[in-house]
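# Remarks on the overall topology
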Amino acid sequence: MTTESGTSQAPRPVGVAVLGHGTVGAEVVRIIRDDATDLEARIGAPLELRGVAVRTVSEDRGIPVELLTTDAESLIARDDVDIVVEVIGGIDLPRKLVRAALDAGKSVVTANKALLAEYTGELAEAAEAKHVDLYFEAAVAGAIPVIRPLTQSLAGDRVNRVIGIVNGTTNYILSAMDETGADYAEALAEAGRLGYAEADPTADVEGFDAASKAAILASIAFHTRVTAGDVYREGISKISAADLTSARALNCNVKLLAICERITTDDGKDKVSARVYPALVPREHPLASVSGAFNAVVVEAEASGRLMFYGQGAGGAPTASAVMGDLVMAARNRVQGGRGPRESKYADLEIAPMSEIVTRYYVNLQVADRAGVLSAVAAEFAKRGVSISAVRQEGAGNGARLVVLTHRATDEALSSTVAALDELESVTAVTSVLRLEGSAE
Ligand code: HSE
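In this text the structure is predicted, and so the values were computed from the model without any measurement. (Residues numbered from 1 in each chain as written. Predicted model: local features only at pLDDT ≥ 70, side-chain atom pairs only at ≥ 80, totals over all residues. Heavy atoms only, no water.)

### Here's the deal with the nonpolar core
Heads up, the condition is: Take the buried Ala, Val, Leu, Ile, Met, Phe, Trp, Tyr and Cys residues and link them wherever side-chain atoms come within 4.5 Å; each set so joined is a nonpolar core. Between buried and exposed lies partly exposed: a residue is buried under 20% and exposed over 50% of the maximum accessible area for its type, with that area taken using a 1.4 Å probe on protein chains only. Only runs of H or I of at least four residues qualify as helices and only runs of E of at least two qualify as strands under DSSP, and these elements are numbered from the N terminus. For this analysis, residues touch if any pair of their heavy atoms sits within 4.5 Å.
Ranked by internal contacts, the top residues of the largest apolar core, which has 80 residues, are Leu150, Val159, Val162 and Ile173. If one sorts the elements of this core by residue count, helix α10 (residues 208-222) sits on top with 10 residues. In this structure Val159 touches Leu150, Leu154, Ala221, Phe222, Arg262, Val299, Glu300 and Ala301, once residues within four positions along its chain are discounted. With 33 residues, the next largest nonpolar core counts Val18, Ile31, Ala320 and Ala330 among its residues.

### Some remarks on the layout of surface pockets
Unoccupied space between atoms shows up once a probe the size of one water molecule is rolled over them. Put simply, the test is: A 1.4 Å probe that fits into a set of points on a 1 Å grid over the protein atoms alone but cannot get out defines a cavity; an open set with protein on both sides within 12 Å along at least five of seven lines defines a pocket, and lining residues are those with an atom within 4 Å of a point. Grid points are joined across faces, edges and corners, and a volume is the space filled by probe spheres set on the points. Residue type decides the class: Asp, Glu, Lys and Arg count as charged, Ala, Val, Leu, Ile, Met, Phe, Trp, Tyr, Cys and Pro as nonpolar, and the leftover types, Gly among them, as polar.
The space that makes up the second largest pocket amounts to roughly 610 Å³. For the lining of the second largest pocket, the secondary structure elements donating two or more residues are α5 (113-130), β6 (134-135), α6 (147-153) and α10. Ranked by residue count, the leading element in the lining of the second largest pocket is α5, at 6 residues. Considering only residue class, the lining of the second largest pocket consists of 20 nonpolar, 7 polar and 13 charged.

### Some words on the packing of aromatic side chains
How we decide: The aromatic pairing rule takes the rings of Phe, Tyr and Trp, using the six-membered ring of Trp, and pairs them if the centres are within 6.5 Å, calling planes under 30 degrees apart stacked, those over 60 edge-to-face and the rest tilted.
Inspection of every chain in the model, using the stated rule, returns 3 aromatic pairs. Summarising the aromatic geometry, the rings of Tyr232 and Tyr277 are spaced 6.3 Å apart at their centres and angled 70 degrees between planes, so their arrangement reads as edge-to-face. Highlighted residues: Tyr232 in strand β8 (residues 232-233) and Tyr277 in strand β10 (residues 270-282), separated in sequence by 45 residues. The exposure class of Tyr232 is partly exposed, given its relative accessible area of 29%. Ring plane angle 10 degrees and centroid distance 5.2 Å describe the contact between Phe294 and Tyr310, whose orientation is recorded as stacked. Placement of the pair is Phe294 in strand β11 (residues 294-301) and Tyr310 in strand β12 (residues 305-312), with a sequence separation of 16 residues.

### Quick notes on the site of the ligand
The cut-off we apply is this: Throughout, the term near means that a residue has one or more heavy atoms lying within 4 Å of the molecule or strand in question. Side-chain atoms alone can form a polar contact between residues adjacent in sequence; in general such a contact is a pair of N or O atoms within 3.5 Å, and within protein one must be able to donate a hydrogen while the other accepts it. To measure how exposed things are, a 1.4 Å probe is used in the Shrake-Rupley method; for residues, cover is taken only from the protein chains shown.
Lining the immediate surroundings of the ligand are Lys113, Asn167, Gly168, Thr169, Asp204, Asp209, Lys213 and Ala314. The contact in question runs from an oxygen atom of the ligand to an N or O atom on the side chain of Lys113, over 2.7 Å. In the environment of the ligand, a nitrogen atom lies 2.9 Å from a nitrogen or oxygen atom belonging to the side chain of Asp204. Contact with the protein chains hides 81% of the accessible area of the ligand, taken as 260 Å² for the molecule alone. Within the residue set of the shell around the ligand, elements represented by two or more residues are α7 (168-180) and α10.

Right, dumping it as structure tokens:
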């Protein structure tokens with residue numbers, strides 16, 4: 001920096017407070033300290049760690065104990081803190097702390113999808129009031145750049161669809177079921193042993209984690225506030241080894257998908273659909289081959305066509321990579337003046353109910369193996385205008401099963417067909433119902 005008298009002046013350092021020192025926080029702190037020279041060159045000023053807020057101060061954390069504090073609020077309030085990194089997790093405490101930081105004019109970088117899926121509106125307004133940045137690349141799909149591509153690279157395009165595998169735990173489980181023939185409980189237990197599944201896996205396996213991410217993706221892709229409560233959600237806990245076998249026979253894989261879509265109703269109105277459920281995906285679709293704990297997001301936009309982003313969606317270092325990207329951007333903005341993109345909600349589209357969504361269904365029925373059963377089953381589809389694309393019988397006699405694949409129809413027509421099938425005398429049980437995504441028919 002050059003002063004009026006022409007002498008050079010060292011740029012003012014950018015002060016950072018990190019809230020949380022778990023797997024992500026520890027990695028963020030390590031990078032800030034180990035890569036200080038490179039970070040300074042990229043930012044144009046030194047990035048200085050002012051402190052790390054933790055639940056308990058301990059000398060075992062591998063950082064000078066004087067950097068640690070249990071008083072997050074005082075750390076945030078320090079005059080020499082410009083940017084606050086929130087990697088605590090949970091909702092209530094981070095909401096309070098992030099809010100305090102924004103209200104005090106500090107930029108915030110957070111990896112907290114659950115917080116954002118509920119409170120982006122409130123936090124974005126607080127950021128707006130103080131003209132500071134609120135960045136959250138790490139909240140969706142870990143290391144994979146997807147927030148910045150949607151908010152910046154594609155800012156001049158029209159996004160129609162974002163479809164992704166955004167939960168590594170469930171992708172690990174479904175991949176293991178596909179590759180080894182394991183049933184759900186065995187694959188979940190293995191995921192737990194390997195550290196992919198948490199002791200209480202509900203948030204992952206029932207789709208809550210993916211629904212939070214879908215809310216964030218839908219909000220930024222369609223310039224509309226979408227919260228977790230707007231996202232239709234089903235998890236994977238009812239998926240059976242038999243579903244994977246049937247999927248294979250149909251040349252499909254089963255994936256937990258987060259789908260964010262612009263739909264146009266018959267009267268020409270644009271709406272947003274955000275939904276999470278396990279679905280059959282044709283093996284030739286790029287998401288079908290994403291296996292193990294990896295994540296991938298496919299974006300379809302008017303001018304760009306289909307784009308795919310793939311990589312590690314969780315873990316300390318990959319998530320820290322995304323946090324650091326945001327931190328460098330926020331720090332550059334501090335040094336150069338200005339801000340990154342603010343919340344964009346101008347389109348304010350209506351949320352489409354699930355009943356209006358057009359999909360294809362896979363229905364697996366346990367049936368009596370006698371003449372007339374197939375026509376009775378087919379009649380229920382026909383009555384509701386649902387066209388069948390393929391039927392397969394698996395087994396015979398008491399073990400007979402019918403697998404029906406439909407063409408596209410509204411979810412309302414499909415779900416009422418399934419309810420009617422359940423009532424048929426010749427249908428012993430509707431064993432499973434899955435949607436089929438990623439195919440044109
Ligand atoms: N639990 C998530 C997953 C990672 O399994 O992908 C954090 O969002």
